[in-house]
Amino acid sequence: MAIHAEVALPAEAYAPIPDDAAASGVSNIPTTTLFVGRGDDLARLDAAFADTGEVVVHAVHGLGGVGKSALAAHWTARRPEAVRWWITADTTAAIDAGIAALARVLQPGLAALPVELQTERAISWLATHAGWLVVLDNVEDPTRIRPLLDRTPGGRVLITTRRASGWHHHATTLRLDVLEPVDAVDLFTRILTHHGPRESDGAEAVCAELGHLALAVEQAAAYCAETGTTPIAYLDMLARWPATMFAAATVGADSARTVARIWRVTLDHLAHTPPAGDILRILAWYAPDRIPRNLLDTVAEPPELATAIGRLVAYNMITDNHDGTLTVHRLVQTLARTTDESDPHRRPTDVERGREQATARLADTFPREVDRPTNWSRCRDLLPHVDALTGRHEPDQDTAATAHILDRAAAYRENQGALAPAIEAFRRALTTAVRVLGADHPDTLNSRNNLAGAYRAAGDVDRAIELYERTLEDSVRVLGQDHPHTLISRSNLAYAYREAGHVGRAIELYERTLEDRERVLGRDHPDTLASRSHVAGAYREAGDVRRAIELYERTLENRERVLGADHPDTLNSRNNLAYAYREAGHVGRAIELYERTLEDRERVLGQNHPNTLTSRSNLAGAYESAGDVGRALELFRRTLEDSVRVLGEDHPDTLACRNNLAYVYESAGDAGRAVELFERTLADRERVLGEDHPDTLASRNNLAYTYASAGDVGRAAELYERTLEDCKRVLGEDHPDTLASRNNLAHAYASAGDVGRAAELYERTLEDCKRVLSPGHPMIATVQGNLDRARDA
């Protein structure tokens, strides 16, 4: 039989903890020498703990590494309570150990008792006393601290946790966000220069890249300080070796307190919610803010998906904005898309699958009909996520779905007048389509066609023609002469010829396309009717207004019969016919038709539809032609105001409207306001469209005309000369706009009294007009009249 020796306990071990055990103050709060900022958060804690009465419990929650513990320690250190006790509370054993340690401080003789008894003594003392503050740091499971809270009704408890929900005892939750940028830089610099001056250029960029997350800033600054790495060099290393840098801990630092480790621990807690990791790896590829929640539809069944999102929100991995969108901290995103074989949540295959799913979901969601105003808000909402997705991997990783997203986003940007980024995206989409689908795939041909269209819209007509010609040749070879896509290619090429001033070639191609569409699709097919309208437009541009009116009238009649009086194409036909009437001098008939078209567009499309705004602008122009300048000004001013509101200050249609308003001011004799508006429009077009865009050249020409009208002939001649040189370089010697520019310069010379120089330029211009333009073109008669007057002078 074994004999056990009894252990003699000191007498105080049998007595309760004395009431005055904390009279001299008890505290184990960690020091926070590097605490920065957080003034508002400290004030919120002060206000939260101002209440008296029963136990006051508040939980500071936030993303792992955001600085919850530092805030709690700094705030608690300033408190007046006699007992201020810090307990690491991530496990039940740690909680018991922390409470037992308090018992031993209050009554050292309890050290010989089992931990369970020490814990019981401390809880009993807390339950019968007030004036204490306990910090429960890093609580993972609210149920683990419930027994303590249930038995301690008279003190203060501050909880730090990743969890935003699941709290009882009337606990108030306070969400802690990342550091303010200036505070993050301050923290980084203080750590970096702790042992003396150091190169700090780039600190602001590092903090921004890390999303101003306190732990990440501390980790980066400590690494730079220890290794002698400059902030700029650290940024480069972070971009090239993110997994290594996120896991890097300095000598003596807690290896468990790195960004990578905190991420892993949090996801380990969510392991029993499988979609959580998938969701983060999808969201990682989008912009961090305002991610449409419906992009996650079908990731899992609705109940399972809702639970996973709720758990991620509860652990502060994502934020629910309660408006159908989610927000993710950029550092969480970076970690989620950075592969790490040692982390089960970031295996390369899983990260790649997340990118593929993110791409497919955007491709399925981005509107295909980007020219419809009803889709514009959706396009605007998704555009930042398209840019983020395509900017976060190399182009050689693009898939067919990526090409589709790039194409649709580029088409939307082109529609909104943002031509430079549109062209860049169209180029990348085409490169991907050729690589993934092949040069002859129909989608590749369509991609090349779209890029050509963007070049044409940007005024680079020669490049557009080159691409259109190649696309047409490939379409004929791959799809056949009569395929609808081949006919579209031929029509697009004709349009580019027309823009380049090759109106004869355009008419020839338009007429062939019309003939083929009548044969293949039928005389009443919408594409056939569109072809007839194109031919009419080319005739009008060639100066054959009578023939254009005849075709426009026939097209309008057919569209009313086939599509209906209110179809958008029918309304377009009515607008085109009104324009032709105005050019033919039938201003009364034009106004009548414009007024009806505007009324119908307002009723069918709405007051703010771009086509409605165009109708209003056209009607205002007709009023000006009829001499009703007051009415024209009123309508142009209203249209400009609506265009700015609906389309934006820099949209090409807005710039065109401002140009037209300036023209009417000039007609009304208000040269000052006209010059002011023309100068603004020219500056905006140079900035938005570029120096060489045809619209920019037109603006420069208009401004020169107004200078001349205001009597500043020298300034006008100088601007006309520059415009003529640019037109010759950009459009070519024989382009109608170049001929018009030469005519305008000659007029400026004549106004300045240099009639001989004017006559010489008029003669050359007339000769070129007769050679380039069709007989009867209005410009020939205009130049001839100007030359006759110069000779008379």
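Residues numbered from 1 in each chain as written. Predicted model: local features only at pLDDT ≥ 70, side-chain atom pairs only at ≥ 80, totals over all residues. Heavy atoms only, no water.

Enquirer: Looking at this model, I keep getting lost on unusual backbone geometry. Mind explaining?
Expert: Peptide bonds are, in most cases, trans, and in most cases residues other than glycine have a negative phi. The phi dihedral of Asn138 is positive, around 65°, even though this residue is not glycine. Following the sequence through the fold, Asn138 ends up in strand S4 (residues 132–139). Positioned with a positive phi, Thr298 is a non-glycine residue whose angle comes to about 75°. The topology assignment puts Thr298 in the loop between strand S7 (291–292) and helix H13 (302–314). (Helix = DSSP H or I, 4+ residues; strand = E, 2+ residues; numbered from the N terminus.)

Enquirer: Explain the pairing of strand S3 (residues 83–88) to me, please; I cannot follow it from the model alone.
Expert: Within a regular beta strand, the side chains point alternately toward one face of the sheet and then the other, so they alternate between its two faces. The buried fraction of S3 is high, at five of six residues. In the sheet, strand S1 (residues 26–27) pairs with S3 via two bridges, with the strands oriented parallel. Across the sheet, the residue bridging to Ser27 is Arg84, located in S3. In the sheet, S3 pairs with S4 via six bridges, with the strands oriented parallel. Paired with Val83 across the two strands is Trp132, which belongs to S4. (Buried < 20%, exposed > 50% of the residue type's maximum accessible area, 1.4 Å probe, protein only. Pairing = 2+ DSSP bridges.)

Enquirer: How do you make sense of the pairing of strand S9 (residues 325–328) when you look at a structure like this?
Expert: Residues of S9 alternate between two faces, with Thr325 and Thr327 on one and Leu326 and Val328 on the opposite face, all of them buried. Bridge analysis of S7 against S9 gives two bridges, and the strand direction is antiparallel. Residue pairing in the sheet places Pro292 in a bridge with Thr325 of S9. Judged from the three bridges that link them, strand S8 (residues 318–320) and S9 form a sheet pairing that is antiparallel. In the sheet register, Ile318 faces S9, and the bridge partner there is Val328. Between S8 and S9, which follow one another and run antiparallel, lie four residues, and His322 among them has a positive phi close to 60°.

Enquirer: Hey, could you run me through the nonpolar core in this one?
Expert: In a soluble, globular protein the nonpolar side chains are often hidden away together inside. Of all hydrophobic cores here, the largest spans 190 residues; its most connected members are Phe188, Ile279, Leu283 and Leu296. The leading source of residues in this core is helix H8 (residues 214–227), at eight residues. Leave out the neighbours within four places in its chain, and Phe188 touches Ala203, Val206, Cys207, Val217, Ala220, Ala221, Cys224 and Pro231. Core analysis: the next-biggest nonpolar cluster, separate from the first, contains 29 residues, Ile87, Ala89, Ile99 and Leu148 among them. (Core = buried A, V, L, I, M, F, W, Y, C linked by side-chain atoms within 4.5 Å. Contact = heavy atoms within 4.5 Å.)

Enquirer: Sorry, what's going on with the sheet that holds S9 here?
Expert: Taken together, three strands build an open sheet; the order of strands is S7-S9-S8 and the sheet is antiparallel. Of all the strands in the sheet, just S7 and S8 have a single pairing partner and so form its edges.

Enquirer: For this particular structure, what's the right way to read helix H22 (residues 503–520)?
Expert: Over its 18 residues, H22 runs 25 Å from end to end, which matches the ideal 26 Å to within 8%, given 1.5 Å per residue. Looking at the buried positions of H22, the neighbouring elements they touch are helix H21 (484–499) and helix H23 (526–541). Where H22 terminates, the next one or two residues include Gly522, which has phi positive at roughly 105°. (Expected span 1.5 Å × (residues − 1).)

Enquirer: What is the right way to look at the environment of Leu113 in this model?
Expert: Within the secondary structure layout, Leu113 lies in the loop between helix H3 (92–106) and helix H4 (115–127). For Leu113, a relative accessible area of 10% translates into the label buried. Taking the C-alpha atoms as reference points, Leu113 and His272, separated by 159 residues in sequence, lie 39 Å from one another.

Enquirer: Can you walk me through the side chain of Asn743 in this structure?
Expert: Tracing the backbone shows Asn743 in helix H33 (residues 736–751). Relative accessible area serves as the criterion here: at 10%, Asn743 is assigned to the buried category. Ignoring sequence-local partners within four residues, the contact set of Asn743 consists of Tyr762, Thr765, Val783 and Asn786.

Enquirer: I would appreciate a short explanation of the pattern of salt bridges in the present structure.
Expert: Two side chains that carry opposite charge are able to pair once their charged atoms sit near each other. Tallying each qualifying case throughout the model produces 69 salt bridges. Asp41 is paired through a salt bridge with Arg38; the nearest N and O atoms lie 3.6 Å apart. The exposure class of Asp41 is buried, given its relative accessible area of 15%. In this structure, the salt-bridge partner of Arg448 is Asp474, at a minimum N-O distance of 3.2 Å. Of this pair, Arg448 sits in helix H19 (residues 442–457) while Asp474 sits in helix H20 (residues 461–478), and the two are 26 residues apart along the sequence. As far as burial versus exposure is concerned, Arg448 and Asp474 are alike and both buried. Each of the salt bridges in this network shares a partner with another, and the network as a whole consists of Glu686, Glu691, Asp692, Arg700, Arg722, Asp726 and Arg729. (Salt bridge = Lys/Arg side-chain N within 4 Å of Asp/Glu carboxyl O.)

Enquirer: In this structure, what is going on with the packing of helix H32 (residues 713–730) against H33? I would like to understand it.
Expert: How two helices sit against one another is set out by the angle between their axes and by the gap between those axes. Where H32 contacts H33, the two axes come as close as 9 Å, and the packing angle between them is 160°. With respect to each other, H32 and H33 are oriented roughly antiparallel. The handedness of the crossing between H32 and H33 comes out as left-handed. Of H33, the residues touching H32 (which contributes Val713, Ala717, Tyr720, Glu721, Thr723, Leu724, Cys727 and Lys728) are Asp737, Thr738, Ser741, Arg742, Asn744, Leu745, Ala748, Tyr749 and Ser751. For the contact of H32 with H33, the residue count by class is eight nonpolar, five polar and four charged. (Axes fitted to C-alpha atoms, helices over the stretch in contact; angles between N-to-C directions. Parallel < 35°, antiparallel > 145°, perpendicular 65-115°, else oblique. Left-handed = near helix turned anticlockwise from the far one by under 90°. Nonpolar A, V, L, I, M, F, W, Y, C, P; charged D, E, K, R; others polar.)

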